[in-house]
Amino acid sequence: MLSAHLQQWSVVQAVRESGLGLDDILTAYIDLSGCAAHLDVQEYLDGLRMLPVRERDLLTQAVNELLDCADSAVAGAHYSDDDAAPFAAYVDHLPQLTLPEGYDDGISTVGDNHISNDEFL
């Protein structure tokens, strides 16, 4: 399973490289039954807030669908795990994430705004 912070980084990079607009992302995300508030999504994309895994994967799907519809050359965003992708084709086209040797993904930040699924709903 991909860490929450690496998944967030993947989404943020895809959005920045593609120039996708927040309104388009929010519309696609809501169409997929996303339920995070506009401000929560904006803060997630700004790297200020963490979303629950379900919402992260829906947002990832929204970004990947927008990239696909735009026939963008930008690499897609990664899901929390391969089983979270609704279509295997999206996972098959994602670049391999390669981490430096000894990389510790256990990011612990003071003031981390991570919330669980239970707290979110």
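Residue positions are counted from 1 within each chain, in the order its sequence is given. The predicted nature of this model means local features are confined to residues of pLDDT at least 70 and side-chain atom pairs, given and counted, to a pLDDT of 80 or more, with totals for whole chains, interfaces and linings taken over all residues. To get the side-chain values, take all heavy atoms of the structure and skip hydrogens and water.

Numbering of helices and strands runs from the N terminus, with a helix taken as a DSSP run of H or I at least four residues long and a strand as a DSSP run of E at least two residues long. The helix and strand tally for the protein stands at 6 helices and 0 strands. Secondary structure elements in the protein, listed N-terminal to C-terminal, are α-α-α-α-α-α. Taking the contacts inside the protein whose residues are at least 6 apart along the sequence as the reference set, 63% of them involve residues at least 24 apart. Using a 1.4 Å probe, the Shrake-Rupley method yields the accessible areas, and only the shown protein chains count as cover for residues. Accessible surface, the protein: about 7000 Å² in total, of which carbon and sulfur atoms supply 51%. Contacts between residues were defined by any pair of non-hydrogen atoms, one from each residue, lying within 4.5 Å.

Take the confidence of the model for the protein next. pLDDT gives the predictor's per-residue confidence on a scale running from 0 to 100. Averaged over all residues, the pLDDT of the protein equals 80, while 69% of them reach at least 70. Predicted confidence is poor over residues 107–121, with pLDDT under 50, and the contacts of this stretch with residues over four places away or in other chains come to 22 contacts.

With phi around 80°, Ser 33 is a residue other than glycine that occupies positive phi space. Among the structural elements, Ser 33 can be located in the loop between α2 (22–31) and α3 (38–45). In the Ramachandran plot, Asp 71 falls in the positive-phi region, its phi being about 50° despite a non-glycine side chain.

What follows deals with helix α4 (residues 53–69). One less than the residue count of a helix, multiplied by 1.5 Å, gives the span that helix is expected to have. Compared with the 24 Å implied by 1.5 Å per residue over 17 residues, the 24 Å span of α4 between its first and last C-alpha is a close match. Directly after α4, the chain includes Asp 71, whose backbone phi takes a positive value near 50°.

This brings us to the packing of α2 against α3. Helix axes are fitted to C-alpha atoms over the stretch in contact, other axes to C-alpha atoms as well, and angles between N-to-C directions run from 0 to 180 degrees. Two elements in contact, α2 and α3, have axes whose closest approach is 11 Å; the angle formed by their N-to-C orientations is 120°. On the basis of their axis angle, the class for α2 and α3 is oblique. Between α2 and α3 lies a crossing of right-handed hand. From α2, Leu 22, Ile 25, Leu 26 and Tyr 29 reach across to α3, where they touch His 38, Val 41, Gln 42 and Leu 45. Among the residues forming the contact of α2 with α3, the class breakdown is 6 nonpolar, 2 polar and no charged. Angle categories are assigned with fixed cut-offs, so that under 35 degrees is roughly parallel, over 145 is roughly antiparallel, 65 to 115 is roughly perpendicular, and the rest are oblique. Left-handed is the label given to a crossing in which the near helix is rotated counterclockwise from the far helix by less than a right angle, and right-handed is the label when the rotation is clockwise. In the scheme used here, Gly and all other residues not listed as nonpolar or charged are polar, with Ala, Val, Leu, Ile, Met, Phe, Trp, Tyr, Cys and Pro taken as nonpolar and Asp, Glu, Lys and Arg as charged.

Let us now look at the pattern of salt bridges. The salt bridge criterion pairs a side-chain nitrogen of Lys or Arg with a carboxyl oxygen of Asp or Glu, the two atoms within 4 Å. Applying the stated criterion across every chain yields a total of 3 salt bridges. For the salt bridge of Asp 40 with Arg 49, the shortest nitrogen-to-oxygen distance reads 3.1 Å. Burial here depends on accessible area, computed with a 1.4 Å probe over protein chains only, as a share of the maximum for the residue type. Under 20% is buried, over 50% is exposed, and the range in between is partly exposed. With relative accessibility at 17%, the residue Asp 40 sits in the buried group. Classification of Arg 49 by relative accessible area gives partly exposed; the value is 22%.

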